[in-house]
Every structure is written in C-alpha cells, then in structure tokens.
Amino acid sequence: MSSSQWGDGQGRSHMSAQAMDAKRKENVAYEYLCHLEEARVWMGKCLEEELPHATELEPALTNGVILAKLAHFFAPHVVSKKKIYDIHLEKYNANGLHFKHTDNINYWLVAMEKESLPTIFYPTTTDIYDRKNIPKTIYCLHALGIFLHRQGKAPPVQDLVGEAQFTDEEISKMQADLDEANIQMPAFNKIGGILSEPLSDAEKQAAAEAEKAAAEAEKLRKMEAAASLVNDLVKGDDLAALQAALESHHLGIGSLNAEDMPFIKAALEAALDAKDGEPLTIDEIRSAVEKGIEDAERHRQVVAATNLVSELANGDDLAALQAALENPLLGIGSLNTEDMPFIKTSIVAGVAAKDGEPLTIPEIKSAVEKGAADAEHHRQVVAATNLVNELAKSDDLVALQAALESPLLGIGRVEVDNVSFIKSAIVAAVQAKGGEPLTIPEITLAIEKGNTDADHHRQVVAATILVSELSKGNDVDALKQALDNPLIGITGVAAEKMEFTKKAIASNVDEKGSPLTIEEIQTAVNQGNMDDKHHREVVNATHLISEMARQGDLDALLKALQSSLLGLPKISAENLPFIKTALIDALAGKGGNPLTIFEIKAAIEKGNKDGEHHREVQRRVKIMNDYIRADDEDKLYEALNDPFLAMKSIKKENMSFYMKMCSELMETKKRDLTFEELQAAIDVDDMAGDGTKAQLSSLQKFLHLLEANERDYEEEREIQNVKQKVVSTIRQQQELEENLNIMDIKIGLLVKNRLDLDDVVHQQTKLKKRSALGGPSKGLKSLSKESREKLEGYQHLFYALQTHPNYLARLIFQMPGGRTTRFIENVIFTLFNYASNQREEYLLMNLFESALKLELKTMDNLEDIVKGNATVIKMVITFNRGARGVSSLKELILPLVQRVINDDEIKINVNPVDVYKAWINQRESETGESAGMPYDVSPEQALSHPEVKERIAKTTKMLSDVTLDFVNNLTESFTKIPYGIRYFSMKMRQALAEQFPGSSKEDILKVIGNLLYYRFMNPAVVAPDAFDIVELSLDKGLTNEQRRNLGSIAKVLHHASANKMFDGENSALSALNTVIESAHQKFIKFFEYASETEDAETHYNQDKYAEVTQLAKPVVYISVKEICNTHTLLLEHEDQITDNEKDIMHKLLKDLGPVPEIHDILGAQYAHPGPSAPQDAVAQWEERVAEGGKSEISLTLKSAVDITNTDDKDNILNVFLATKRMAAGLLQAQPGQNLKEILDTAATPDQEAEFVRIQERKREMEARRTAGEDRSDSSGEHKTEEPAPAPLLTLELVKVSLKENLEILENEKLVDASNNYQSILNSMAKDIRNQHRHRQQRKKELAGLQHTLSALTAKGKYHEDQREYYQMYVDACLSNLTKPKNKKKDTTRKTVKYNAAKLHEKGVLLEIEGLSTGQFKGVTFEIESGDTGKFNVYAKFMGVSMEKVELIFEDLLQLQYEGVSVFKMYGCAKINVNLLVFLINKKFYGT
C-alpha cells in the first residue's frame, strides 16, 4: 500500500489528504477548462466564426479583438467595426501587442455597461491585457451570456462540465498555470443567483423540491459513478478490480465467482462494443454479468466434450467418434459416415500438431471441415480422370480442354492451339494400355507429347510466315536464310537472284493477301529466277544514261533517254540541259552511283519543271531590274514578295536599304542583277536583322557599302556645325532666361517696395551683355599646344563618363543637395549635348537607368519615391522638358487646354465661401440694395444656403464633364508620350518590382503615374503658358478665371491618377469620387501601356559595336570652367565612384594630374599680369578669365585605348571591332567558301593587287575628309605637319593579325573556329544594314537639329522681345528719375534709434532669447542708412556694444517675396520681416 492510502479495517483503501488535494486541484483545472470551452463555444456562435481552442483562448483575448467583435454583436450602436483596432490581427501577428489594443477591451467594457450588466462581474483592462486575471474575464463572459440570453439577444451558454474532453497534459498545464497565478477562482455556479431577483414563496417551494430532486440526483450520481467505474475497468486487464467494482452495493449485483470473471468481462466488452463504446447503464451491466456467468458454465461442459473427441480419435471406433462429434455442444451437426476415415485422419493430425493436447471446438470444427473436404476432393478427382478418358474419344476439343484444365488434376493451363495434338497423344496412350483409362500421371505425359507436336507444327508455319514478311523488307540476306531453312525444304534459291526472288514472293503475298504455303513459296522462287535476266538488260541501259549525263554529251544522252527498252517520256531539246543538271544532281545525291529507272524518270520530270521555271524567273528578274533603275520601291517590294519566286521575305521598312544596295551593285557590275544577286541583298538584310547565319557569298557582294564616301563626310561635318550651334544656343538661352526671371522679380519688387532703380538698371545691363554674347565655340586647335595635350586627356575622360554611366550616377549622389540641380543642368546635359542625336540620347538613358538603381537602394518603400522628390526623377523630367518634350506635351494637352481657355462658359469655382460672396455681390448689383447678409462666413455657413449648394453642384457637374474629357483623351494617347520618359517608366517599373517584391502591381503603377502624370503632365495643365503649351503675348497672360479652371481640373486629375478621394476639407467635391474611381482605372491602364515599350538598343539602333559604323567621333561642347569643375568633383569623390583599384578612372585621373587653373587652359593671352601688377589690372584680368572660363570648347571624344590595338587583350570590344575591319578588307579582295578557308589559303597576285587598290581608295577618301576638316577650321593655329603615310599592308600580314585576334576572341567565347568564325560574318552583315540606317538617321538627325535650332531661334526672339519690353520699362523709370522735383535729394546718411521695448511694441522685435520683456529697455538698436539699399544696425545689450550688422534691403524684399516672415539678428533677436520693411520704408523712403 502506498503512503497516499490508508485502510478502513475491512480490506479497502482510501486516498490520503494530500492525494485528495491534488485531485481537487485537478478537478478545478478541468472545470476551468470546461468554462473556457463554454465561453469559446458561446462566443463562436455569436460571432459565427471559429475561435482558438480552449487551451489557447486566454492569450487570444489579450488583444481585445474578439471582445470588441462581441461588443459589436450585442451593441452595434456602441461599437462599430471601424472602431476595432487591428481587426484582422495583422499588426498583432507581426509585432505582438500594442497599447492601442487596450481600446478594444475598453469598447467591450463600455458596451456591457450600456447593456446594464452588473459591474460586479467586470474585469479590469489590465486583467485582460496583462493577463493578470483571465478567469475573472471568463467569469464575466459567462455572466454576459446568461444576461443576454435572458433578454433574447444571444444563444444560451452550454454546460460542458463532464462532456468536454481534455488530455492529461492540457489539464496538468492549466493546473500549473492556475497555481502560478494564485488567483481565486470565481464561483461560476453562483452567476445565475447574482443575476436573479429575490425569491418569492412559490420560488422557495420550487427550490425545496429542487433540493429534494438534487438528493435523488446525488444517489443516482453515485450509482452512475459506480457504473462509470465498471465501464472504465472493463477496458483494462485488472479482473480483481473489476470484480470489486461489480460487487459494489450501489449496483446491487452481489458477490461473484473469480473463475467466472473472464467470461463476465468478455460479456461486458461485447455489450460495450454493441453500443459503439457508449458507457453501459446499470441494467445493462447486470444483464452482461448474468450472461457472463452462463457463458462460464457452458464453457466447462464444452471442454469435457472436446476432450472426449480427442481421446476417441486415437482409437478405431469410427461410430463412437461420429457420435461424439455430433454432440450439440460442439455445434457441428450430423456427419456423412463415408467421410469419417478422412475426418479421423484430420483430427489425429491436429492433435499431433499440438503435441497431444486436446483440440478446442474451433480446431475440431476445422479438422472436421478439412476431412469432409478431403473426402469430397477424392471423389471429384476420380470423376475428373474418367471424364478426360471419355472426352478423348469424342471430337469436342473445347470440352476436352476444359476437362484437362480442371484444378482437380493439377495440370494447369492448356494452350488452345495444342488441344488437338494432345487429344491425339491421349488416344495413342489409351490404345497402348489396351483401352484402359489413363491415370493422372499418364494424362500428364500425354499432354507433354501433344505440346511438343504442336510446337513443331508452329515452327513450320512460322518459317513460311517469315519468308512472306521478309519479302516486304530490305534484308535480302535474311530472306535467303529463311528460304534455306530445312523445315520448309525450298530448292533453287540463288544469292545473286535474291532481289527478284524477293519481289516475286512479295507480289504473290500481296495478291493472296496472306502468308504463302511451302508450295506457293517454291513457285515464287522459280518466277524470281526468270525476272533476273530481264533486269540486267534494263540496268545496262540506265547505266548508259548515267554515264552520258556525267560526260555532258547532250546528243548521246538524248539517244540513251530515247531507248525503247526503258519506255521514258518524250524529251524536249530546250529542257535537255536542265534534265542533264537534274540527272547530275541525282547522281551526286547517290554519291556517283548509277541511277535507277525510277530516279531517271524523276530527274526528267524535275528537269522539265526547272526549264519552265527558269524561263519565267528570268522574265520576272528583268522586270525587277527595271524597277530598280526606276527607283520604284513599291513595285519592287511587290515583285520581291511574288510567291512564284519564293524569295526570302523582306520588311517594308527595309526597302530603302535594299534598293540602295541593289542600285550600288548594279552600278558596280554595269549590268542587270541576277536572281542570285537579288536574293543575296535580302540575305544581308536577314543576316543583320534576325541573326540568320550569314552566307559569305552574299556578304561579299555588299562589303563595299561599309566604306564611307565624300557625301558621308560632308553630312557629318554639317551635323557637327549645327549641333554646336544648338548646344551653344541652349546654354545662352538658359542663362538669358534665368536673368530674365531675376529681372522679373526685381521689377516686381521695385513696383511693390521701391527697390533702388540702380539694381534694376544693373540687371538690365547684364541682360544686354548676355544678349550680345554668342558666336562659335572655340575649338581645340585655337588653344595652346600644352592646353591641347591637356584637353586630349579630357577627351578620354569625358568619353569614359559618357559610356560608363555608373561614374556620373554615383557622382550625382555625392553632390550636396543645393548643387545637384546645377550640376545636372550645367555638366551632365552638356556632356550629352542635350541628347541631340540617337547615340547621346541612348547613353543618357543608360545614365538615368543606373542612377535609378542606385537611388532605389536608399529607399525603404514606394512612398519614399513619391514623397522624397527623387533626384533621378527630377533629371528625367528636366530632360523631357526640352523641345521634344514640350512638343509632345503640346500635342497631348494643347487641344484640351485650348478648349478650356476659349470657352467662356466654363467657370469652375467649388470654394463655398467664394461662391457665397459672388452670389451676394450679384444680388446687390442687380437690386442696388444691401443683401442684409454677413459677408464673412465659414464654409459650413456658406453651404447652408440652397443657392450656394445648387451653384456648386452645377460647377461640379461641369468639372466632372471637363475632367472626363481630359481623362479619355490623355489615356488614349500614351503613344504620344516621349520615348525617353516611357523607357524610363518601363525600367522604373521593373526596378520597383525587383526592389519591392511584396508590392502589388497597382501600387507600382501608381508610382509610375506620379512620374507620368503628376510630374510630367500636371504642371503643364496648371500653367500651360509657363511650359510654352500656349502662346501668349508679353502684355497678356491667362486670367485668374482661366487659371482657376485649369487648377481645378488638374486637382481632380491628380486625385484620379492617385485614387485619392475628396473628403474632409474637400468634402464639397465628394460628388466627384465616383468619377475618380472610374477615371483611376483608365489611368492605371494608361500607366501600364505607357510603361511598356521597345528596348533602347532597338529604338536608338545602338549596341556595343555601333561605333564601328560611325564616321565621325562624338563631339561635346563644354566650357572651360565646367571642365575644371567636373575634374575637381571627380578627384574629390574618386573612391566613391569607382569599383576597385584597377578601375580605368584611376588611370585617367592620374594621367590628367591636378586640376589646372582656367587661365592655364585658355593660353598665353590669359596669363596673369604678375605679382607687381596694379590691383585694377588684376581685377580686369580676373574678369577676363571669368568670362573666358565660360567659353565653350569642342572635345572630340575617344576611348583611352586605341581601337586598333590588338595587343590589349583586356579590351575585347576593341579587338572585335578591329577584327571586323580587317576581315572586311580581306573578304573584298579574296573570295572563298568561309573565313577560315580564306585564312588558310594563300592569296594570288591578282588578289594582292586588288587589296592594294582597296587600301589606296580608302587612303584617298581619308585625305579628302582631312582636307575638308582643315577647310572648316578657320583658326589655323598650332597645325602640325601630317606624318608620312604608313606602308600598305599585304593580305598575308592581315591574315596573321586576323588569326591572332580570332584566337583572343575565341578564348573569350565570342567566336568559334568550329563554325568558321560565323559570328564575325553575322556582325558584319549587321554593320552593312546599320551603315545604311545610320545614313538615314543622319539625315533625320540633321533635319531634327535644324528644326530645333529654328525653334530655339524663335524662342530667343521671344526672350529678346521680353528683354526689350523690360528695357522700355527701365527707360521710363530713368526718364521719371531725371524729371525735376520740388525737394532736393538728401544725400546725408539718416539714422533712427529705438530701444527694444519700443520695437517690441511696434511688432518689429518679437523676442530676445534669454531676456524677458521687462529687460528690453536696456537694449537699444540704431539703424543707419548706408550705400544704396544697404543699412547698418548697431546694438547695445545691457550697455555692451555688439558688432555691426549690415542689412541689404534687396535681401529683405527677397525674404518677403519667398514668404519668410521671421529672421534672427545677433543669433538671438527674432525680427518680423514685414514690419521691418515697413519701418525702413516709412523712416528712410518716406512711404
């Protein structure tokens, strides 16, 4: 007995106090879990959702979300779903509890208070949030459930104690948690009493009856507990405990026999199983016990009967054994006496298997069944053998097969095809036994013999079938072997005649439709031997034709073809050459072997068709040559696509290139082009366009197109001249426009605050000076020789900056915030010539893309891009504000804006106060009487008037219609957006998706919309005059009404693009929210389509090899000062912009050395006057240098690595380009099948001579180009003597260099010798097409530059008119200034003095940090007028003099203009700007 139990003296044991306490705690934990489950089920029904398991409910309640939802269920008027914080638990799941989760708990408490639940049940917020007393919360939930159910507002709370199931681990964990919390468990059973009113007499009577019922229930409970214990013990193995439980007086069963307990337990288990595991009632337990006792008694009787059977089986008394087996206790029934020997044998075997132990009833039954089965089987086997013997005498093979396959015989499956042979074998065996029936072994032997006979028969049949099948194939040897098979005994088979034997057999098989018999095979062999002789004669005739075709003797060939032996069709003389060609092609296809009669017939048919086709092709080729001479692209395109010719297709847009190639080739050949040459031109276009394998024969016909001509050089020179003018004009106009803006501000300040006229006149003088500037930029040759060498280093530097975008991209983000915009406008756009051609715009796009990727790395979310005013977006917008961008904006927006400006009916004002005031003014104007209404009202007061509401509704409808018109037109015109901004949008969309993979597609498109609409389009809608969208005269601008209309439209468009609804302060426009929703979907599609376009390489026709086809090197026009500033920036941030120590930028900057002084670059004419020079001379020199620093220099950019330097294995691109140049010259001089073959084949003298002529022609063209450049350079300074020309190369030397380069390229996987360096040829084909495209693009570029220059000139005229307008105003001011005045101008300095208290009283001084207002009397300020527009301020703080502060009146006005209202003096005195300006005006200007 354990220490936790003690005896009662009667053999029973009881639990100790310690065990009882543990059991009590366990019960408390279980009951609390039940209460949790009750609360969970009740809340789940209320909320109609699945809540966490009871063991997980406590932590789930701490965030208050479930409680707040419950509050919304029973008190929706108190707690709305919108109030519930973190209703979807996103923040809770991500970061855990937040203090705002307590709001949810408080909502629940307030809702219960509103429903009048007694506060005695309420937990505190910390009880839930900090889990200080969750049981109190569950207690409250039970009370709330009962309370609400009584009111019919909620389902009842179920009582699940005793029903809810929990694991031992869950109960133990809850018990441990309750012990740790040490919380007094609320009395859940008293909730109903607390909620009830005092009891009446009737209720007391009911309570007494309930108490009585409770006593009865307690008695019943004990009985049920005893029954429950029995139910539990039945499932175990403790029979003694089960017996004790059954003998409990609560069950009324009495004492039991221990020997009967296994049977009683089995009866109880059976009863439980019958109820599917449901507990047994007391009556069911009693019935099961009675049955168990009966089963025990019956078991003893059965054992005696089974022992008797086992004993009798060992004797010879079969009758006694049969009687014992038929005992009803065994349940076997009556037996067949004939079966008894087999049954006895089976029982004996069973007893022996148990080592002599008696058998049980199941074992006896099994033995009896086996004995009976053995007896029956014996009878069936005898019958089966008799049946086989009988059927062998009949002709029923199916029945015989079935009898043989009888399982009784144990023979197995018999092949149906073998049955007839087996029958014969059985009959023979029966005859051999003199007619006696066969036994099973004898039947088995007969079957084996029958199978052998059947196999032999099938082999013979298979041999004949094989012969028939092989006659259909091509394996003659296999057919002969099959015919020689001794099983079929065929004679007359000869190896040399097998082909015809095969055909004869096959013919007979086809005719018969089934395999031949042995006799039919023999007949076919005889026929084949006869066919062999005729065949030999035909072969001789076909061999003669093959030989004549090879010899080319057309007459002999014609005679051979007309042989009557062959029966060929009639031959036409004009088609004979094509027939001969077809025969030769057929012979070649057979490796020279003679043709068969069928192949000859096919060749004749092909030759006839080729002849007809050739004549038609020649006719159509002649027509195409006529179209080429007539330069008729449309008809030539139609002829090229004629299906009859089956030429490769050519794109319509490539026809000008194709026509140009054909014209030049026709001019070179001095004859019509052949079909092959026309096709070759298409091949070149295909090879360049889609990567088709370039054919050398086609390519060589057009290599001359890679060479430049004099017209190319002239056009390049003209482009450079116009580009220089465009860049210079842009820079001049930018500076002029900036000065004009300053002038505009100064005149405004002059009018408003009487700014000194001298400042305005000074600014006007600057305008005149800038307007007078201009002229061509200084070229590189106009500088000193030393400067030229320095600037050649800059040529390498700026080439690297252009072609490696990461340098500038990184440098941009190293700039201080204030310098970034100036750096972009002054250096970056200048470096790319304002994207004046495709190459420079392509490189600028690369820079934008690199800068975007760098800037995105600094951002945490999409909102940063929209709100952060990204630098790269400002760059893109600034670039697209140029002429092309304005042109696109004009096309997009001008028609829409024009309609708004020109329509006087459009008056959009949705400000309630403004509408109210306009209404009052209208009433008073119409009546001439006061409206009697207040003038100053709030928006809410204004909207209280129906008239105001009606007017706003009407205006809102008008605004909606106009806005939708804008949306529909803008969203359908995405193709009009400049390519540059569309390309950037596409790259930005891709980068955002990669940087923020969790963002939705629509969120990313909203960011794209911020760029496309808000940054690019919206400003032009708001202020179309400021972006040259509309053209207005200087003295006439947009009216306030027009600006308000456009501003209102732009506001709605912006909201629609960002899907931002009108609410709060803009609630008057809430009617437009439906318009915004529908418009936003259109904008999203618009942003998606606009951000999808072709890649930059395709659009600009650029790739890494593009420069090889460009005639002129890229040139930029940049000022000396900008060169020095850029050099300085690169040196300052060298480590930040480079990747590693081996970066080429380090070498470039090292070669350049320190940043030179501006005057050093400008040359001797800008030399310093010397240390002893007068100050005025030095000042004049500094001014000259400053102006000289603004002079532009043209830099011809080139790579720091020579493109022809093939020893530089690191510069693979240059090696590839040099290889193509050398290969082009080689292929023009020496033809061949492929480049590898040409390299390995020695050149002939004629080919060497041709190569010399090619080099001389190129040298002559280069000389003309150089002469043209010299003519265009007017300076003529520092010209150097041209070096002697390099000696001409030989083809063999070129081949050596080519092989070296190809080896380098092959190591880099750029070429492959195994395909004969095909990638070089493909790239050259692309160069041919690109050369033509470049010429076309050059013409377009020149036209575009000229158009841009024209537009800039027109804009310059506008700026000049503006300057003259300002000049007229200044002249008028000066004229007024010179008029006589009544008073003389006081030239003495004026001073005013105030103490700080007085200035504070006037509002000029706001505060002095560290001093109270009472101390202000000890502080004095003295303001003295100084030079024009300048004032000196002297101050004393508590008798201590402070330093003089100089105030510039213009600066004060500028602060006022910029809206700055307060500034500091002396670091502590805060001054009101507006009142200080007023004081100065009053005291010094008399206003």
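Residues numbered from 1 in each chain as written. Predicted model: local features only at pLDDT ≥ 70, side-chain atom pairs only at ≥ 80, totals over all residues. Heavy atoms only, no water.

Turning our attention to the packing of helix α43 (residues 1001–1022) against helix α44 (residues 1040–1058). Across the interface, α43 lies against α44 with an axial gap of 10 Å and an inter-helix angle of 175°. If you check the angle between α43 and α44, you find them roughly antiparallel. On α44, the residues that touch K1006, Y1013, Y1014, N1018, V1021 and V1022 of α43 are L1046, A1050, L1053, H1054, S1057 and A1058. Looking at the contact of α43 with α44 residue by residue, the class counts come to eight nonpolar, three polar and one charged. (Axes fitted to C-alpha atoms, helices over the stretch in contact; angles between N-to-C directions. Helix = DSSP H or I, 4+ residues; strand = E, 2+ residues; numbered from the N terminus. Parallel < 35°, antiparallel > 145°, perpendicular 65-115°, else oblique. Contact = heavy atoms within 4.5 Å. Nonpolar A, V, L, I, M, F, W, Y, C, P; charged D, E, K, R; others polar.)

Our next topic: unusual backbone geometry. Positive phi outside glycine occurs at L89, with the angle close to 60°. With respect to the element layout, L89 can be found in the loop between α3 (65–74) and α4 (90–95). Take L89: its relative accessible area is 26%, and that puts it in the partly exposed class. Phi angles above zero are rare outside glycine, and D355 is one such case at about 60°. When you line up the elements, D355 lands in the loop between α15 (340–353) and α16 (361–391). (Buried < 20%, exposed > 50% of the residue type's maximum accessible area, 1.4 Å probe, protein only.)

The next point concerns the confidence of the model for the protein chain. Here the protein chain averages 78 in pLDDT, while 80% of its residues score no lower than 70. When pLDDT is averaged over each element of the protein chain, α3 comes out on top at 93 and strand β1 (residues 5–7) at the bottom at 32. Segment residues 1377–1385: pLDDT under 50, and one contact once partners within four positions in sequence are set aside and those in other chains are kept. (pLDDT = per-residue confidence, 0-100.)

With 26 residues, helix α41 (residues 946–971) should reach 38 Å at 1.5 Å per residue; the first-to-last C-alpha distance of 37 Å fits that figure. Buried within α41 we find V948, I952, T955, T956, L959, S960, V962, T963, F966, V967, L970 and T971. (Expected span 1.5 Å × (residues − 1).)

This part is about the environment of L1447. Its location among the elements puts L1447 in strand β10 (residues 1445–1448). Note: C-alpha distance between L1447 and E1424 (23 residues apart in sequence) is 9.9 Å. Filtering out sequence-adjacent residues up to four positions away, L1447 remains in contact with G1429, K1430, F1431, V1433, F1463 and L1476.

In total, this model carries 54 salt bridges according to the counting rule given. Across the salt bridge formed by D283 and R286, the nearest N and O atoms sit 3.7 Å from each other. Taken together, the positions of D283 and R286, both in helix α13 (residues 282–313) and three residues apart, correspond to about one turn of that helix. Classification of D283 as exposed rests on a relative accessible area of 52%. In this structure, the salt-bridge partner of K609 is E605, at a minimum N-O distance of 3.6 Å. On the criterion of helical spacing, the pair formed by K609 and E605 is a turn pair, its members being four residues apart in helix α25 (residues 597–629). (Salt bridge = Lys/Arg side-chain N within 4 Å of Asp/Glu carboxyl O.)

Residues I865, I893, M988, L992, M1017 and L1195 are the most contacted members of the largest nonpolar core, which totals 116 residues. It is α43 that provides the largest number of residues to this core, a total of eleven residues. Excluding its chain neighbours within four sequence positions, the residues that come into contact with I865 are L856, M859, A870, I873, M988, L992, F996, V1007 and R1015. Core analysis: the second largest hydrophobic core is formed by 56 residues, A111, Y139, L160 and F188 among them. (Core = buried A, V, L, I, M, F, W, Y, C linked by side-chain atoms within 4.5 Å.)

With that settled, the discussion passes to the sheet that holds strand β6 (residues 1405–1408). Judged by pairing direction, the sheet is antiparallel, and its three strands sit side by side in the order β6-β12-β11 without closing on themselves. Either end of the sheet is taken by a strand with one partner, and the two such strands are β6 and β11 (1462–1465). Geometrically, the sheet is characterised by an average inter-axis angle of 25° between neighbouring strands, direction not taken into account. Alignment of β6 against strand β12 (residues 1469–1472), held across three bridges, turns out to be antiparallel. (Pairing = 2+ DSSP bridges.)

Attention shifts here to the pairing of strand β3 (residues 1115–1119). Taking burial as the measure, the five residues of β3 include five buried ones, the bulk of the element. Of the two faces of β3, the one lined by V1115, Y1117 and S1119 and the one lined by V1116 and I1118 are each fully buried. Note: β3 against strand β4 (residues 1192–1196), five bridges, orientation antiparallel. Counterpart to V1115 in the pairing with β4 is T1196.

By the definition in use, this model includes 14 aromatic pairs. Relative to F798, the ring of Y794 lies with its centre 6.3 Å away and its plane at 40°, an arrangement referred to as tilted. Of this pair, Y794 and F798 both sit in helix α32 (residues 785–803), four residues apart, which is roughly one turn of that helix. With respect to class, Y794 is no different from F798; both count as buried. Between Y916 and W919, the ring centres sit 6.2 Å apart and the planes meet at 70°, which makes this aromatic pair edge-to-face. Remark: W919 and Y916 occur in helix α39 (residues 912–927); sequence separation between them is three residues, near one turn of the helix. Residues Y916 and W919 agree in their burial class; the two are buried. Counting every residue linked through ring pairs, the aromatic cluster contains Y1013, F1083, F1086 and F1087. Of note, K83 hangs over the ring of Y107, and the distance from its end group to the ring centre comes to 5.9 Å. (Phe/Tyr/Trp six-rings, centres within 6.5 Å; stacked < 30°, edge-to-face > 60°. Lys NZ or Arg CZ within 6 Å of the ring centre and 35° of its normal.)

On to the packing of α41 against α44. With their axes 10 Å apart at the nearest point, α41 and α44 run at an angle of 65° to one another. The chirality of how α41 crosses α44 is right-handed. Touching L959, V962, T963, F966 and V967 of α41 are S1048, I1049, V1052 and L1053, all from α44. Of the residues that constitute the contact of α41 with α44, the class distribution is seven nonpolar, two polar and no charged. (Left-handed = near helix turned anticlockwise from the far one by under 90°.)

In an α-helix, one turn spans 3.6 residues, which is why side chains three or four residues apart end up on the same side. The terminal C-alpha atoms of helix α7 (residues 134–150) lie 25 Å apart, and with 17 residues this matches the ideal 24 Å at 1.5 Å per residue to within 8%. In terms of burial, α7 is a largely internal element, 13 of the 17 residues being buried. Looking at where α7 begins, the residue whose side-chain oxygen comes 3.1 Å from the main-chain nitrogen of K136 is N133. (Polar contact = N/O pair within 3.5 Å; in protein donor to acceptor, adjacent residues only side chain to side chain.)

A grouping of K1113, K1198, R1221 and K1258 is seen on the molecular surface, where their side chains present a positively charged patch. Among the residues examined, K1258 registers a relative accessible area of 38% and is labelled partly exposed. (Patch = residues over 30% accessible without salt bridge, like charges linked within 9 Å, V, L, I, M, F, W, Y side chains within 5 Å. Areas by Shrake-Rupley, 256 points an atom, 1.4 Å probe, with all protein chains shown as cover. Lys, Arg positive; Asp, Glu negative; His and termini not counted. Charge placed at Lys NZ, Arg CZ, Asp CG, Glu CD.)

Attention now moves to the side chain of N1018. Structurally, N1018 can be placed in helix α43. The exposure class assigned to N1018 is buried, which follows from its relative accessible area of 10%. If we skip the residues at most four places from it in the chain, N1018 touches Y1013 and A1050.

Residues of strand β5 (residues 1391–1395) alternate between two faces, with V1392 and Y1394 buried on one and T1391, K1393 and N1395 left unburied on the opposite face. Strand direction decides the pairing type here: β5 and strand β7 (residues 1419–1425), joined by five bridges, are antiparallel. Residue K1393 lies in a different strand from β7, and its bridge partner there is E1422.

Note that D555 resides in helix α23 (residues 554–561). Judged by its relative accessible area of 64%, D555 is exposed. The spatial distance from the C-alpha of D555 to the C-alpha of A573 is 9.7 Å, given a sequence separation of 18 residues.

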